[in-house]
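A closer look at the structure
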Amino acid sequence: MLKKELRAKYKALRNQLPESDLEEMSLDIANKILTLPIWEKTYFHIFLPIIEHKEVNTEFILHLLSGKDKEIVISKCDFESCHLVHFLLTDNTKIKKNQYNIPEPVDGLEVPTNKIDVVFVPLLAFDKTGHRAGYGKGFYDKFLTECKPETIKIGLSFFKPEEKIEDVFENDVKLDYCVTPNEIYEF
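Residues numbered from 1 in each chain as written. Predicted model: local features only at pLDDT ≥ 70, side-chain atom pairs only at ≥ 80, totals over all residues. Heavy atoms only, no water.

1. As for the pattern of salt bridges
The criterion, for reference: For this document, the term salt bridge refers to a Lys or Arg side-chain nitrogen within 4 Å of an Asp or Glu carboxyl oxygen.
The final tally for this structure, using the stated rule, is 8 salt bridges. A salt bridge links glutamate 40 to lysine 41; the nearest nitrogen and oxygen atoms lie 3.8 Å apart.

Here it is, written out as structure tokens:
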């Protein structure tokens, strides 16, 4: 399938998920993440979910990271350059939704991309080779190309992989893992 078709398909599938299932499946994903070989790392980048789009609720993962004393990094979108600016999440971080309902830090201590060890990647769909389809703006593709080669990229999805995303681009960065409520896929 093409990314455009996948976006439409998975937006519709997400919209059909009952709220109670979202929480349970998000918790299942967080519990699976505990088994990944990532816990010796320090800087973890995580997205804050767009509730209106029924994204994976990353609050459970945030609790895990906090409980393990990890440095948690969140981003703010720069819509002019289509880049993400990264900030350390602290007790003093103020979060505000932007015009697309994306929760973002207002400001804070900026973290350079080369410090980030693990990235939890939002997505709409992924395939069996580790490629993903996001919302199509390219923020995460740009961000992931700026990361260190050894940065671990982990997609989070409520659904199983597609066989193949047909329109993969040269600068699309593959995931290392994708975690679903029932399984961890390694690429």
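2. Some details on the packing of helix H2 (residues 19-33) against helix H3 (residues 59-67)
Our working rule: Axis lines are fitted to C-alpha atoms, over the contacting stretch for helices. Their N-to-C directions set the angle, which ranges from 0 to 180 degrees. Note on conventions: DSSP H or I runs of at least 4 residues are helices, E runs of at least 2 residues are strands, and numbering of each starts at the N terminus. Oblique is the label for every angle not falling under 35 degrees (roughly parallel), over 145 degrees (roughly antiparallel), or within 65 to 115 degrees (roughly perpendicular). Left-handed describes a crossing whose near helix is turned anticlockwise from the far helix through less than a right angle; right-handed describes the clockwise counterpart. Should any heavy atoms of two residues lie within 4.5 Å, those residues are considered in contact. Note that Gly is not counted as nonpolar here; it falls among the polar residues with everything else outside the nonpolar set of Ala, Val, Leu, Ile, Met, Phe, Trp, Tyr, Cys and Pro and the charged set of Asp, Glu, Lys and Arg.
Axis separation between H2 and H3 bottoms out at 8 Å; the angle between their running directions is 30 degrees. When the axis of H2 is compared with that of H3, the two are roughly parallel. The chirality of how H2 crosses H3 is right-handed. In contact with Glu23, Ser26, Leu27, Ala30 and Ile33 of H2, H3 contributes Phe60, Ile61 and Leu64. Looking at the contact of H2 with H3 residue by residue, the class counts come to 6 nonpolar, 1 polar and 1 charged.

3. Considering helix H1 (residues 3-15)
For clarity, the cut-off: Any helix carries an expected span of 1.5 Å times its number of residues minus one. For each residue, the accessible area found with a 1.4 Å probe, counting protein chains only, is set against the maximum for its type, and the residue is called buried under 20%, exposed over 50%, and partly exposed in between. By definition, the arc is the one covered by directions from the helix axis to the C-beta atoms.
Taking 1.5 Å as the rise per residue, H1 with 13 residues should run 18 Å; its terminal C-alpha atoms sit 18 Å apart, in good agreement. Within H1 the residues assigned to the buried category are Lys3, Leu6, Arg7, Tyr10 and Arg14. Down the axis of H1, the buried side of the element spans an arc of 100 degrees, and every buried residue falls inside it. Turned more than 90 degrees away from the buried face of H1, the exposed residues are Lys4 and Ala8. For H1, the secondary structure elements touched by its buried residues are strand E7 (125-126) and strand E8 (132-133).

4. With respect to the nonpolar core
Under the convention used in this document: Put simply, a nonpolar core is a bunch of buried Ala, Val, Leu, Ile, Met, Phe, Trp, Tyr and Cys residues held in one set by side-chain atoms that sit within 4.5 Å of each other.
Residues Ile33, Ile38, Phe120, Ile154 and Leu156 are the most contacted members of the largest nonpolar core, which totals 55 residues. The element that contributes the greatest number of residues to this core is H2, accounting for 5 residues. When residues no more than four places from it in sequence are discounted, the contact partners of isoleucine 38 are Ile33, Phe44, Val118, Phe120, Ile152 and Ile154.

5. With respect to H3
Within H3, burial applies to Ile61, Leu62, Leu64 and Leu65. Along the axis of H3, the buried positions cluster into a sector of 160 degrees, meaning they face one direction only. Turned more than 90 degrees off the buried face of H3, the exposed positions are His63 and Gly67. In this structure, the buried side of H3 is in contact with H2, strand E1 (43-45), strand E2 (71-78), strand E6 (118-121) and strand E9 (152-156). Directly after H3, the chain includes aspartate 69, whose backbone phi takes a positive value near 55 degrees.

Shape is all these values report; function is a separate question.
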